[in-house]
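Letter by letter, the chains look like this.
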Amino acid sequence: MKFDSSRGSEELFSSKMKNGVAASMPIIATYAVLGMACGIVLYDAGVSVLGISIMSVMVYAGAGQFLAASMLVLGAAVPSVVMMVFFLNLRHVLMSASMSTYVKEKSFGFIALFSHVLTDESYGINYTKFREGNWSPEEAMITSVINYSTWVISTIVGGFIGSQIQVNTIIMNYALIAMFLYMMVQQFISKEHLIAGIASIILTVILTIVLKHNIALVIATILASFVGYGLEVRKNRRQRPVTKGNESYD
(Lines give C-alpha, C1' and ligand atoms only; values in the text may rest on other atoms or scores of the structure.)
Protein backbone atom coordinates (compact mmCIF):
# COMPACT_ATOMS: atom_id res chain seq x y z
CA MET A 1 0.00 0.00 0.00
CA LYS A 2 1.42 3.39 -1.03
CA PHE A 3 1.46 6.33 1.31
CA ASP A 4 0.16 9.54 -0.24
CA SER A 5 2.68 12.09 1.09
CA SER A 6 0.87 15.08 -0.41
CA ARG A 7 -2.38 14.10 1.27
CA GLY A 8 -0.56 13.55 4.54
CA SER A 9 1.03 17.00 4.28
CA GLU A 10 -2.33 18.63 3.58
CA GLU A 11 -3.92 16.94 6.58
CA LEU A 12 -0.99 17.99 8.78
CA PHE A 13 -1.25 21.59 7.59
CA SER A 14 -5.03 21.55 8.10
CA SER A 15 -4.54 20.27 11.64
CA LYS A 16 -1.98 22.97 12.42
CA MET A 17 -4.24 25.63 10.94
CA LYS A 18 -7.15 24.53 13.14
CA ASN A 19 -4.93 24.54 16.23
CA GLY A 20 -3.58 27.99 15.41
CA VAL A 21 -7.03 29.45 14.79
CA ALA A 22 -8.43 27.88 17.98
CA ALA A 23 -5.58 29.31 20.05
CA SER A 24 -6.07 32.81 18.64
CA MET A 25 -9.86 32.99 19.13
CA PRO A 26 -9.76 34.63 22.61
CA ILE A 27 -7.41 37.31 21.27
CA ILE A 28 -9.41 38.03 18.10
CA ALA A 29 -12.42 39.36 20.03
CA THR A 30 -10.25 41.63 22.16
CA TYR A 31 -8.18 42.90 19.24
CA ALA A 32 -11.29 43.65 17.18
CA VAL A 33 -12.68 46.00 19.85
CA LEU A 34 -9.41 47.59 20.93
CA GLY A 35 -8.23 47.87 17.32
CA MET A 36 -11.27 49.87 16.27
CA ALA A 37 -10.91 52.08 19.35
CA CYS A 38 -7.26 52.63 18.51
CA GLY A 39 -8.12 53.56 14.93
CA ILE A 40 -10.72 56.08 16.11
CA VAL A 41 -8.30 57.63 18.63
CA LEU A 42 -5.51 57.89 16.05
CA TYR A 43 -7.80 59.54 13.51
CA ASP A 44 -9.00 61.94 16.18
CA ALA A 45 -5.32 62.73 16.89
CA GLY A 46 -4.83 63.79 13.26
CA VAL A 47 -3.54 60.59 11.65
CA SER A 48 -5.11 59.75 8.28
CA VAL A 49 -6.65 56.37 7.50
CA LEU A 50 -3.64 55.64 5.28
CA GLY A 51 -1.31 56.62 8.10
CA ILE A 52 -3.20 54.38 10.50
CA SER A 53 -2.88 51.49 8.03
CA ILE A 54 0.87 51.98 7.62
CA MET A 55 1.41 52.34 11.37
CA SER A 56 -0.52 49.16 12.16
CA VAL A 57 1.29 47.16 9.47
CA MET A 58 4.78 48.45 10.28
CA VAL A 59 4.65 49.14 14.03
CA TYR A 60 1.93 46.73 15.25
CA ALA A 61 1.98 47.77 18.87
CA GLY A 62 -1.35 48.39 20.55
CA ALA A 63 0.00 50.14 23.62
CA GLY A 64 2.52 52.01 21.47
CA GLN A 65 -0.15 53.21 19.05
CA PHE A 66 -2.41 54.39 21.86
CA LEU A 67 0.58 56.17 23.40
CA ALA A 68 1.39 57.80 20.05
CA ALA A 69 -2.19 59.06 19.74
CA SER A 70 -2.13 60.46 23.27
CA MET A 71 1.19 62.25 22.71
CA LEU A 72 0.08 63.68 19.36
CA VAL A 73 -3.04 65.13 20.97
CA LEU A 74 -0.81 66.78 23.57
CA GLY A 75 1.26 68.32 20.79
CA ALA A 76 4.39 66.18 21.17
CA ALA A 77 6.96 66.26 18.37
CA VAL A 78 7.22 63.22 16.10
CA PRO A 79 10.80 62.31 17.27
CA SER A 80 9.56 62.25 20.87
CA VAL A 81 6.67 59.98 19.90
CA VAL A 82 8.98 57.61 18.02
CA MET A 83 11.42 57.46 20.93
CA MET A 84 8.72 56.78 23.51
CA VAL A 85 7.15 54.02 21.41
CA PHE A 86 10.61 52.54 20.93
CA PHE A 87 11.31 52.36 24.66
CA LEU A 88 7.80 51.09 25.40
CA ASN A 89 8.35 48.20 23.00
CA LEU A 90 11.85 47.26 24.20
CA ARG A 91 10.24 44.40 26.13
CA HIS A 92 9.76 42.68 22.77
CA VAL A 93 13.52 42.08 22.65
CA LEU A 94 13.27 39.91 25.75
CA MET A 95 10.15 38.14 24.51
CA SER A 96 11.80 37.37 21.16
CA ALA A 97 14.90 36.09 22.91
CA SER A 98 12.91 33.66 25.05
CA MET A 99 11.00 32.41 21.97
CA SER A 100 14.13 31.97 19.84
CA THR A 101 14.81 28.53 21.30
CA TYR A 102 11.63 27.17 19.72
CA VAL A 103 12.12 28.59 16.20
CA LYS A 104 15.91 28.62 15.83
CA GLU A 105 15.83 25.83 13.21
CA LYS A 106 13.56 27.81 10.90
CA SER A 107 14.65 30.04 8.00
CA PHE A 108 15.66 33.67 8.41
CA GLY A 109 12.47 34.83 6.67
CA PHE A 110 10.30 32.77 9.02
CA ILE A 111 12.08 34.14 12.11
CA ALA A 112 11.90 37.73 10.81
CA LEU A 113 8.14 37.53 10.22
CA PHE A 114 7.56 35.67 13.47
CA SER A 115 9.44 38.39 15.38
CA HIS A 116 7.45 41.14 13.71
CA VAL A 117 4.04 39.67 14.52
CA LEU A 118 4.96 38.88 18.14
CA THR A 119 2.94 40.74 20.79
CA ASP A 120 2.33 40.26 24.49
CA GLU A 121 -0.82 38.23 23.83
CA SER A 122 0.68 36.08 21.07
CA TYR A 123 3.76 35.53 23.21
CA GLY A 124 1.66 34.44 26.18
CA ILE A 125 -0.27 31.88 24.15
CA ASN A 126 2.66 30.49 22.18
CA TYR A 127 5.10 30.35 25.09
CA THR A 128 2.59 28.44 27.19
CA LYS A 129 1.89 26.04 24.32
CA PHE A 130 5.60 25.48 23.68
CA ARG A 131 6.21 24.79 27.35
CA GLU A 132 3.45 22.20 27.31
CA GLY A 133 5.38 20.45 24.53
CA ASN A 134 2.60 19.97 21.98
CA TRP A 135 3.13 23.02 19.76
CA SER A 136 5.05 23.67 16.55
CA PRO A 137 6.61 26.84 15.06
CA GLU A 138 4.03 26.69 12.26
CA GLU A 139 1.13 26.69 14.72
CA ALA A 140 2.73 29.56 16.60
CA MET A 141 3.13 31.50 13.35
CA ILE A 142 -0.51 30.91 12.36
CA THR A 143 -1.71 32.14 15.76
CA SER A 144 0.45 35.27 15.60
CA VAL A 145 -0.43 36.12 11.99
CA ILE A 146 -4.17 35.79 12.67
CA ASN A 147 -3.85 38.13 15.67
CA TYR A 148 -1.78 40.53 13.55
CA SER A 149 -4.31 40.53 10.71
CA THR A 150 -7.18 41.13 13.14
CA TRP A 151 -5.43 44.13 14.68
CA VAL A 152 -4.50 45.71 11.34
CA ILE A 153 -8.00 45.32 9.89
CA SER A 154 -9.66 46.56 13.10
CA THR A 155 -7.56 49.73 13.31
CA ILE A 156 -8.29 50.53 9.66
CA VAL A 157 -12.02 50.02 10.26
CA GLY A 158 -11.73 52.26 13.32
CA GLY A 159 -10.05 54.92 11.21
CA PHE A 160 -12.91 54.82 8.69
CA ILE A 161 -15.46 55.03 11.50
CA GLY A 162 -13.64 58.02 12.95
CA SER A 163 -13.60 59.70 9.54
CA GLN A 164 -17.33 59.28 9.01
CA ILE A 165 -18.81 59.63 12.48
CA GLN A 166 -18.00 62.10 15.21
CA VAL A 167 -17.00 59.93 18.16
CA ASN A 168 -16.38 61.27 21.64
CA THR A 169 -12.97 59.85 22.53
CA ILE A 170 -12.77 61.23 26.08
CA ILE A 171 -13.72 57.88 27.62
CA MET A 172 -11.01 56.20 25.54
CA ASN A 173 -8.43 58.44 27.19
CA TYR A 174 -9.47 57.05 30.57
CA ALA A 175 -9.39 53.52 29.12
CA LEU A 176 -5.84 54.21 27.93
CA ILE A 177 -4.77 55.29 31.41
CA ALA A 178 -6.41 52.20 32.92
CA MET A 179 -4.63 49.96 30.41
CA PHE A 180 -1.21 51.41 31.21
CA LEU A 181 -1.85 51.18 34.94
CA TYR A 182 -2.76 47.52 34.50
CA MET A 183 0.42 46.91 32.48
CA MET A 184 2.46 48.64 35.18
CA VAL A 185 0.91 46.67 38.05
CA GLN A 186 1.57 43.44 36.14
CA GLN A 187 5.29 44.20 36.33
CA PHE A 188 5.31 44.42 40.14
CA ILE A 189 6.39 40.82 40.60
CA SER A 190 9.13 41.58 43.12
CA LYS A 191 10.39 44.28 45.48
CA GLU A 192 12.95 45.35 42.88
CA HIS A 193 10.28 45.92 40.24
CA LEU A 194 8.17 47.90 42.70
CA ILE A 195 11.08 50.16 43.65
CA ALA A 196 11.91 50.72 39.97
CA GLY A 197 8.28 51.65 39.32
CA ILE A 198 8.21 54.14 42.21
CA ALA A 199 11.55 55.57 41.04
CA SER A 200 10.17 56.09 37.54
CA ILE A 201 7.15 58.00 38.92
CA ILE A 202 9.28 60.27 41.11
CA LEU A 203 11.84 60.88 38.35
CA THR A 204 9.10 61.64 35.82
CA VAL A 205 7.53 64.27 38.07
CA ILE A 206 10.86 65.91 38.95
CA LEU A 207 12.24 65.92 35.41
CA THR A 208 8.95 67.16 33.93
CA ILE A 209 9.00 70.13 36.31
CA VAL A 210 12.67 70.86 35.62
CA LEU A 211 12.82 70.24 31.85
CA LYS A 212 9.23 71.18 30.95
CA HIS A 213 9.44 68.82 27.94
CA ASN A 214 8.18 65.35 26.99
CA ILE A 215 11.79 64.14 26.80
CA ALA A 216 11.55 63.92 30.60
CA LEU A 217 9.51 60.73 30.17
CA VAL A 218 12.26 59.11 28.13
CA ILE A 219 15.04 60.13 30.54
CA ALA A 220 13.01 58.98 33.55
CA THR A 221 12.34 55.62 31.88
CA ILE A 222 16.04 55.06 31.18
CA LEU A 223 17.14 56.07 34.68
CA ALA A 224 14.45 53.91 36.33
CA SER A 225 15.54 50.97 34.16
CA PHE A 226 19.10 51.33 35.48
CA VAL A 227 17.74 51.47 39.03
CA GLY A 228 15.85 48.22 38.48
CA TYR A 229 18.85 46.61 36.78
CA GLY A 230 21.15 47.56 39.65
CA LEU A 231 18.77 46.17 42.24
CA GLU A 232 18.37 42.94 40.26
CA VAL A 233 22.15 42.48 39.98
CA ARG A 234 22.55 43.13 43.70
CA LYS A 235 19.83 40.60 44.49
CA ASN A 236 21.45 37.92 42.30
CA ARG A 237 24.83 38.46 43.94
CA ARG A 238 23.32 37.99 47.37
CA GLN A 239 21.54 34.80 46.32
CA ARG A 240 24.62 33.33 44.63
CA PRO A 241 25.93 30.34 46.64
CA VAL A 242 29.35 30.69 48.24
CA THR A 243 31.78 28.06 46.91
CA LYS A 244 34.45 26.61 49.16
CA GLY A 245 36.58 23.85 47.74
CA ASN A 246 34.25 21.36 46.06
CA GLU A 247 31.34 22.29 48.28
CA SER A 248 28.86 25.12 47.93
CA TYR A 249 26.92 26.87 50.66
CA ASP A 250 23.78 28.98 50.32
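Here we summarise the structure given alongside this text. In this text, all values refer to a predicted model and were calculated from it rather than measured experimentally.

1. Notes on the overall build of the protein
No. 1: From N to C terminus, the protein includes eleven helices and two strands.
No. 2: Mapped in sequence order, the helices and strands of the protein form the string α-α-α-α-α-α-α-α-α-α-α-β-β.
No. 3: Buried positions account for 34% of the 250 residues belonging to the protein.
No. 4: For the protein, the exposed surface amounts to about 15,500 Å²; the carbon and sulfur share of it is 66%.

2. Let's talk about the pattern of salt bridges
No. 1: Under the definition given, this model contains two salt bridges.
No. 2: Measuring nitrogen to oxygen at the nearest pair gives 2.6 Å for the salt bridge that ties lysine 106 to glutamate 138. Placement of lysine 106 in the loop between helix H5 (91–103) and helix H6 (108–116) and of glutamate 138 in helix H8 (residues 137–164) is noted, with a sequence separation of 32 residues between them.
No. 3: Exposure remark for lysine 106: the relative accessible area of 28% places this residue in the partly exposed category.
No. 4: Assessed through its relative accessible area of 25%, glutamate 138 is described here as partly exposed.

3. Focus: the environment of alanine 61
No. 1: With respect to the helices, strands and loops of the structure, alanine 61 is situated in the loop between helix H2 (49–58) and helix H3 (62–73).
No. 2: As for alanine 61 and valine 85, which are separated by 24 residues in sequence, their C-alpha atoms are 8.5 Å apart.

4. Details of the nonpolar core
No. 1: Counting residues in each nonpolar core, the largest one holds 30 residues, and the members touching the most others are Leu42, Tyr60, Phe66, Met99, Phe114 and Trp151.
No. 2: Of all the elements in the fold, those that place two or more residues in this core are helix H1 (5–44), H2, H3, H5, H6, helix H7 (120–132) and H8.
No. 3: The leading source of residues in this core is H1, at seven residues.
No. 4: In terms of nonpolar packing, the next biggest core, distinct from the first, is built from eight residues, Ala68, Met71, Ala76 and Val85 among them.

5. Notes on the environment of glycine 51
No. 1: Counting through the fold element by element, glycine 51 comes out in helix H2.
No. 2: A relative accessible area of 23% means that glycine 51 is categorised as partly exposed.
No. 3: Sequence spacing of glycine 51 and glycine 159 is 108 residues, and the spatial spacing of their C-alpha atoms is 9.4 Å.

6. Let's talk about the side chain of threonine 150
No. 1: With respect to the secondary-structure elements, threonine 150 resides in helix H8.
No. 2: A polar contact of 2.8 Å, which involves the side chain of threonine 150, links it to the backbone oxygen of isoleucine 146.
No. 3: If we skip the residues at most four places from it in the chain, threonine 150 touches Ile28, Tyr31 and Ala32.

7. Observations concerning the side chain of threonine 119
No. 1: Structurally, the position occupied by threonine 119 is in the loop between H6 and H7.
No. 2: The exposure class of threonine 119 is buried, given its relative accessible area of 6%.
No. 3: In contact with threonine 119, not counting residues within four places along its chain, are Tyr31, Tyr60, His92 and Met95.

8. Remarks on the packing of H6 against H8
No. 1: Between H6 and H8, whose axes approach to 9 Å, the crossing angle comes to 45 degrees. Between H6 and H8, the angle falls in the class oblique. Regarding H6 and H8, the two cross each other, and that crossing is left-handed. Taken together, the residues of H8 that come into contact with H6 (itself represented by Phe110, Leu113, Phe114 and His116) are Pro137, Glu138, Ala140, Met141, Ser144 and Tyr148.
No. 2: Of the residues belonging to the contact of H6 with H8, the class tally is seven nonpolar, two polar and one charged.

9. Quick word on the packing of H5 against H7
No. 1: Orientation of H5 relative to H7, taken along the N-to-C sense of each, is 25 degrees, at an axis distance of 11 Å. Here H7 runs roughly parallel to H5, going by the angle between their axes. Considering the relative orientation of H5 and H7, their crossing is left-handed. Across the interface between the two elements, Arg91, His92, Met95, Ser98, Met99 and Tyr102 of H5 pack against Asp120, Tyr123, Asn126, Tyr127, Phe130 and Arg131 of H7.
No. 2: Residues belonging to the contact of H5 with H7 are distributed by class as follows: six nonpolar, three polar and three charged.

10. Comments concerning the packing of aromatic side chains
No. 1: For the structure on display, the rule yields six aromatic pairs.
No. 2: The interplanar angle of 80 degrees and the centroid separation of 4.8 Å between the aromatic rings of tyrosine 60 and tyrosine 148 together place this pair among those described as edge-to-face. Here tyrosine 60, found in the loop between H2 and H3, pairs with tyrosine 148, found in helix H8; they are 88 residues apart in sequence, far enough to count as distant.
No. 3: The class of tyrosine 60 is buried, set by a relative accessible area of 3%.
No. 4: Judged by its relative accessible area of 15%, tyrosine 148 falls in the buried class.

Rules behind the numbers
- Residues numbered from 1 in each chain as written.
- Predicted model: local features only at pLDDT ≥ 70, side-chain atom pairs only at ≥ 80, totals over all residues.
- Heavy atoms only, no water.
- Helix = DSSP H or I, 4+ residues; strand = E, 2+ residues; numbered from the N terminus.
- Buried < 20%, exposed > 50% of the residue type's maximum accessible area, 1.4 Å probe, protein only.
- Areas by Shrake-Rupley, 256 points an atom, 1.4 Å probe, with all protein chains shown as cover.
- Salt bridge = Lys/Arg side-chain N within 4 Å of Asp/Glu carboxyl O.
- Core = buried A, V, L, I, M, F, W, Y, C linked by side-chain atoms within 4.5 Å.
- Polar contact = N/O pair within 3.5 Å; in protein donor to acceptor, adjacent residues only side chain to side chain.
- Contact = heavy atoms within 4.5 Å.
- Axes fitted to C-alpha atoms, helices over the stretch in contact; angles between N-to-C directions.
- Parallel < 35°, antiparallel > 145°, perpendicular 65-115°, else oblique.
- Left-handed = near helix turned anticlockwise from the far one by under 90°.
- Nonpolar A, V, L, I, M, F, W, Y, C, P; charged D, E, K, R; others polar.
- Phe/Tyr/Trp six-rings, centres within 6.5 Å; stacked < 30°, edge-to-face > 60°.

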